Amino acid sequence: MDIYELEPKSVWKHFYTICSIPHPSHHEEALAKAIIAWAQERKLFATSDKAGNVVIRKPASSGMEDSPGVILQAHLDMVPQKATDVSHDFEKDPIRARIDPANPSWLVATGTTLGADNGIGVAMAMAILEDDNIAHGPLHCLFTVNEEDGMGGARAVEPDLLSGNLLLNLDGEDVGELTIGCAGTIRTGASLSSPASSVPDTVEWFEVTIEGLLGGHSGVDIDKGRANATLALISILSKTRERLYLSDIVGGTAANAIPREARATIGIESGNYAAFKTSFSSGLSALRIALGQKDPGLLGAVTPLGSHSLYPSKALAPEATNSMMTVLSALPNGLVAMETNMPGLIRTSLNLGQLAGSVSDELFELKTMVLVRSSSDAEKESLSTTVEKRLEGAADHGWKVSTRRLSESPAWSPDPSSLLLAEAHKLYREMFGKEPRVTSTHGGLETGLFRARFPAWDMLSLGPTIRHPHSPNERLDIASVRLSYRYLTALLSRL
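Because the structure is predicted, anything quoted here is derived from the model rather than measured.

1. Describing helix α11 (residues 478–494)
The α-helix advances 3.6 residues per turn, and as a result positions three or four apart in sequence lie on the same side. When the terminal C-alpha atoms of α11 are compared, their 25 Å separation across 17 residues agrees well with the 24 Å that a helix rising 1.5 Å per residue should span. The N-cap residue of α11 is Asp477: its side-chain oxygen and the backbone nitrogen of Ala479 are 3.1 Å apart.

2. What to know about the side chain of His425
The residue His425 is located in helix α9 (residues 419–432) in this model. Polar contacts involving the side chain of His425 include one to the side chain of Glu435, which spans 2.9 Å. Leaving out residues up to four positions away in the same chain, His425 has contacts with Leu178, Glu435, Pro436, Val438 and Tyr487.

3. Here's the deal with the environment of Arg96
Turning to its location among the elements, Arg96 is positioned in the loop between β3 (70–75) and β4 (97–99). Taking the C-alpha atoms as reference, Arg96 lies 5.5 Å from Thr110; in sequence the two are 14 residues apart. When near neighbours in sequence (up to four residues on either side) are disregarded, Arg96 contacts Val86, Ser87, His88, Val108, Ala109 and Thr110.

4. Quick look at the packing of aromatic side chains
Per the counting criterion, the structure on display carries 11 aromatic pairs. An angle of 75° between the planes, with centres 5.6 Å apart, marks the rings of Tyr428 and Tyr487 as edge-to-face. Placement of the pair is Tyr428 in helix α9 and Tyr487 in helix α11, with a sequence separation of 59 residues. Aromatic ring contacts, followed pair by pair, group Tyr428, Phe432 and Tyr487 into a single cluster. If you follow Arg57 out to its NZ or CZ, it ends over the ring of Phe45, 4.1 Å from the centre.

5. Observations concerning unusual backbone geometry
In the segment running from Glu7 into Pro8, the intervening peptide bond is cis, with an omega of -5°. The topology assignment puts Pro8 in the segment before α1 (9–20). Backbone torsion omega between Asp117 and Asn118 reads 15°, so that peptide bond is classified as cis. Along the chain, Asn118 turns up in helix α3 (residues 116–130). Look at Asp361: it is not a glycine, yet its phi comes out positive at around 50°. Structurally, the position occupied by Asp361 is in the loop between β19 (346–360) and β20 (363–374). The exposed category is assigned to Asp361, whose relative accessible area is 70%. If you check the backbone angles, Glu362 has positive phi at about 70° while not being a glycine. The topology assignment puts Glu362 in the loop between β19 and β20.

About the cut-offs
Residues numbered from 1 in each chain as written. Predicted model: local features only at pLDDT ≥ 70, side-chain atom pairs only at ≥ 80, totals over all residues. Heavy atoms only, no water. Helix = DSSP H or I, 4+ residues; strand = E, 2+ residues; numbered from the N terminus. Expected span 1.5 Å × (residues − 1). Polar contact = N/O pair within 3.5 Å; in protein donor to acceptor, adjacent residues only side chain to side chain. Contact = heavy atoms within 4.5 Å. Phe/Tyr/Trp six-rings, centres within 6.5 Å; stacked < 30°, edge-to-face > 60°. Lys NZ or Arg CZ within 6 Å of the ring centre and 35° of its normal. Buried < 20%, exposed > 50% of the residue type's maximum accessible area, 1.4 Å probe, protein only.

What follows is the structure, given as structure tokens:
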């Protein structure tokens, strides 16, 4: 069966189209233009603001003109992650979505993120816009840009383009949940530099790699005990007794994704390879045992560069390499605290999502990106300050360091007394004969920013079931899309 033959056909048709248009963060223009053109063909008001957010308006159904205005909101961008052996350019290539042959209940991509986060939310909103048989009050659809890399679109939403005080965020990831809160975030970027040194002719060069890890969403998967590939590589390298020259190192590609792979190019004095290989293998085995079934696919390798023509002439000297690893090893990472009054919910965490270092103009330059999440603004601030101080501590080892907060979003505090929640809860019970899970998410939602900017809005987040977002293992429960869409359309008729 093809994707566009699934039910509801209108939703899957739009999702198929969205997959065909590249739309990673910061590159949503083509998708935004396509959606605006589609809406204008249907005589709907459609425009974009200065940030690139798309707004589409549809008048109320007959007899519902006096109903409260509703805003359906989803984000246009997706997290670009791919498996090591997959060749894919997220800025040019379509997402190759398919029904999972091993489990036809799920939709997956072919070696990349699927983009159900949040393409399926956009698709559901578009299906509602084109269906005149769905009853609703005055309807606005807001499709934001750059949600996954700082929520820049949500920060720049122009209020004059919107009306209505009820917002349904379609970025939920479980059909059984109604979400009424989310963690706040701080993204801290750092730049560190140290002089590069000439490399003795007696040094041999190798590439070391860590791969095979599960990775995942740095919010919803951070409590699952999975390894951060970047920190795993640094931990293993820091335990060797050999003096290491470092030509380059890279791990992770997105602040909000747990790194699945990392690699470095290292130099070792000739004759010391066997001892290093033993140390590397020992560290890899110890980590594999510690991870167990929480992250069972850990792989590592040490590969000679081969031709001497590939050997770097400049690199980070062993003393500076050691100091870099000391600083990075001291960074807190992963799960920090769970909520005390909401069992199973993460309160505070952080993720070293991006690290890249290499030699340029006689300097070894290193850049890092750390994302802190917390439902407690005080804990978020304290942890971010700790990260910054640890990184700035590299100055004590001779490094030049600068840190900068690239973005910050407040927590969305749950409001159990929400009238929108009460109506949504009642409808869920009527339709499905059971109680929904009313929850807050450790993942970031744009509703956190909206709460501060639009305090009169009553907000709720919902959506179909997505598993393993922000990784090539991302999958979308096909049946949940039908259920979620049916519930969403019924809710609109009740508001």
